[in-house]
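# Report on the structure
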Amino acid sequence: MDDVEAIAALQDPVRRRLYEYVAAQDHEVGRAEAAEAAGIQRTLAAFHLDRLTDAGLLDTVFRRPAGRTGPGAGRPAKLYRRSAAERVVSVPPRDYRALAELLAEVVAEVGGEEILERLARARGRSAGAAAGPGEDPRRGAEGTGAGPGAGPGAGPGAGPGEGGDAGPAEAPGGGPNVDGVAVGGRVEAALAARGYEPYREGTGLRLRNCPFHALAVEFPPLVCGMNLALLEGLLDGLEATGMTARMDPRPGECCVVLDSKNNHS
Amino acid sequence: MTDHHLAEFNVARLREPLDAPSMAEFLALFEPINALADSAPGFVWRLADGAADDATGIRPYGDDVIINMSVWESREALWDFVYRSAHLDLLRRRREWLLRMAEPETVMWWVPAGRIPSVEEARERLGRVRRDGPGPEAFTFREVYDAGGELVRS
């Protein structure tokens, strides 16, 4: 199936809701769970999930429920997860990826990492400043105003599902500090709007998706270094002084993690 | 594939001698990063000379060039250690301590499982990738070959 057809499979609102739910989970999702999340019948969910699989947007795996093995454990359940395949449609045709690869190669060859990081930091800073409340950050009113996707940089992850469930007005770790709560929510919303798919872990935020994945796989130190600088700048621009960005790569995730300074040793 | 392991060899030109104050932070990273490698999934072996438990004492390219060599069960195992662990941050910061080299600094090749490659062999492979570019006998992460000699399409 080509990219246009794959993306067209998301036109159906129910199917889209199912896709967004599965994509946002940190585990493989069964039919019953997906049906409940989308508020539809299990058989209907199964139909749409399989359509999404046919379109190449979801992958399926068969697995027995946790803790049940051996004979008599029952049939393995069909589980769904987001496909790693990227789908892009551009009309008229554009090829920014080829350009990005070439430019990355140039930066690596001339040793321009420092310049790249400086520019990325500046870019992150202005994006953060633009996404911020643009007024006294102490007001804490941005929980209603600047939701996910409200920033000018609303990226591919700015769908209604991402970040919305998490509630942008809560800080990671949910500390008692009212200021920290507002800032943490703003950071989470800004990250969600840029497609990072943030989720809480401990007192910090981890990022499930790398918006620069293909380039990051080809030029890891270069692109991950740029990404770190970009996020440092973003925190700066958002005036999130209580948070720091650092590298902590894990297989299958973004290379950067954001810590709350107050709670982190 | 499982009857072959992936050997990796790389060289690095030091900005200053390892005992210089400016290199202290770099030097301090050796132990934790080596320990990380040793416990990484798919790790098989790494070059070390006795007392220091690292390869910094082996300098076949001259006093200012240190070398590194290791063997892994698969390309994915090596990739996850190099780019998806704390090792990535060291790579990101490498220019603080290491000079750029005009020629390729890294080479990989397949060895029969159980055989440990020699430094001599590693130098020959690096020489090959520098001279002829990547091929089935000596390649890089940008252009990987499988143990059967086929180019891996990512």
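This one's a predicted model, so the numbers in the text were calculated from it and none came from an experiment.

### With respect to the overall build of chain B
Regarding its fold elements, chain B presents 4 helices and 5 strands. Overall, chain B shows an N-to-C arrangement of helices and strands of β-α-β-β-α-α-β-β-α. For chain B, the C-alpha radius of gyration of 15 Å lies close to 15 Å, the compact-globule estimate for 154 residues. The principal-axis extents of the C-alpha atoms in chain B amount to approximately 45 × 35 × 30 Å. For chain B, the share of sequence-separated contacts (at least 6 apart) that also reach a separation of at least 24 residues comes to 69%.

### A short note on the packing of helix 3 (residues 31-38) of chain A against helix 4 (residues 42-54) of chain A
Residues and elements named next belong to chain A. Here helix 3 crosses helix 4 at 105°, and the two axes come no closer than 8 Å. Classified by the interaxial angle, the pair formed by helix 3 and helix 4 is roughly perpendicular. Seen from helix 3, the contacting residues are Arg31, Ala32, Ala34, Ala35 and Ala38; seen from helix 4, they are Arg42, Ala45, Ala46 and Leu49. Residue composition of the contact of helix 3 with helix 4, grouped by class: 7 nonpolar, no polar and 2 charged.

### Description of the interface of chain B and chain A
Taken together, the contact pairs 10 residues of chain B with 11 residues of chain A. Mapped by element, the contributors of at least two residues to the side of chain B that touches chain A are helix 2 (75-83) and helix 3 (87-92) of chain B. Its residues assigned to classes, the side of chain B that touches chain A comprises 3 nonpolar, 1 polar and 6 charged.

### Looking at helix 10 (residues 220-237) of chain A
Residue and element names in this part refer to chain A. Between the first and last C-alpha of helix 10 there are 25 Å, a value that for 18 residues agrees with the 26 Å anticipated at 1.5 Å per step. Counting buried residues along helix 10, 17 of its 18 residues qualify, which places the element largely inside the surrounding structure. Glutamate 239, located one to two residues past helix 10, shows a positive phi value of around 55°.

### Re the confidence of the model for chain A
Detailed reading of the predicted model is not advised wherever pLDDT is low. Mean pLDDT for chain A: 82, with 76% of residues reaching 70 or above. Counting contacts from residues 134-178 of chain A, a segment whose pLDDT is below 50, to residues more than four positions away or on other chains yields 93 contacts.

### Digging into the sheet that holds strand 1 (residues 29-30) of chain A
Residue and element names in this part refer to chain A. With respect to topology, 3 strands assemble into an open sheet ordered 1-3-2, the strand pairing being antiparallel. Two strands lie at the open edges of the sheet, namely strand 1 and strand 2 (58-63), each paired on one side alone. Summarising the sheet, strand 1 and strand 3 (residues 77-82) pair through 2 bridges and their orientation is antiparallel. When the bridges of strand 3 are listed, valine 29 appears paired with tyrosine 80. Strands strand 2 and strand 3 of the sheet are contacted by helix 4, whose axis makes an angle of about 115° with strand 2.

### Details of the pairing of strand 5 (residues 204-207) of chain A
Residues and elements named next belong to chain A. The alternating pattern of strand 5 places Gly204 and Arg206 and Leu205 and Leu207 on opposite faces, both of which are buried. With 4 bridges joining them, strand 4 (residues 198-201) and strand 5 adopt antiparallel strand pairing. Each bridged residue has a counterpart across the sheet, and for proline 198 the counterpart in strand 5 is leucine 207. Where strand 4 hands over to strand 5, the hairpin turn is made up of 2 residues, of which glycine 202 adopts a positive phi near 60°. Across 2 bridges, the pairing between strand 5 and strand 7 (residues 256-260) is antiparallel. Across the sheet, residue arginine 206 finds its bridge partner in strand 7, namely valine 257.

Cut-offs and rules
Here, residues in each chain are numbered from 1, in the same order as that chain's written sequence. Labels are handed out in written order, letters beginning with A for the chains and numbers beginning with 1 for the ligands. Totals for whole chains, interfaces and linings use all residues, but because this is a predicted model, local features are given only for residues with pLDDT of at least 70 and pairs of side-chain atoms are given and counted only at 80 or more. Secondary structure elements follow DSSP: runs of H or I of four or more residues count as helices, runs of E of two or more count as strands, with numbering from the N terminus. Values of the radius of gyration come from C-alpha atoms, whereas the globule rule sets the reference at 2.2 Å times the count of residues to the power 0.38. Two residues qualify as being in contact provided that their C-beta atoms, derived from the backbone, are within 7 Å of each other. Fitting a line to C-alpha atoms yields each axis, with helices limited to the stretch in contact; the angle taken between N-to-C directions then spans 0 to 180 degrees. In this scheme, roughly parallel covers angles under 35 degrees and roughly antiparallel covers those over 145, while 65 to 115 is roughly perpendicular and the rest are oblique. Each residue is assigned to one class: nonpolar for Ala, Val, Leu, Ile, Met, Phe, Trp, Tyr, Cys and Pro, charged for Asp, Glu, Lys and Arg, and polar for all the others, Gly among them. An expected span of 1.5 Å times one less than the residue number is assigned to each helix. Counting other C-beta atoms within 10 Å of a residue's own tells you its class, since 20 or more makes it buried, 12 or fewer makes it exposed, and anything in between is partly exposed; those C-beta atoms are placed from the backbone. Summary of the metric used: pLDDT quantifies the predictor's per-residue confidence within the range 0 to 100. Two strands make a pair as long as DSSP finds a minimum of two bridges between them.

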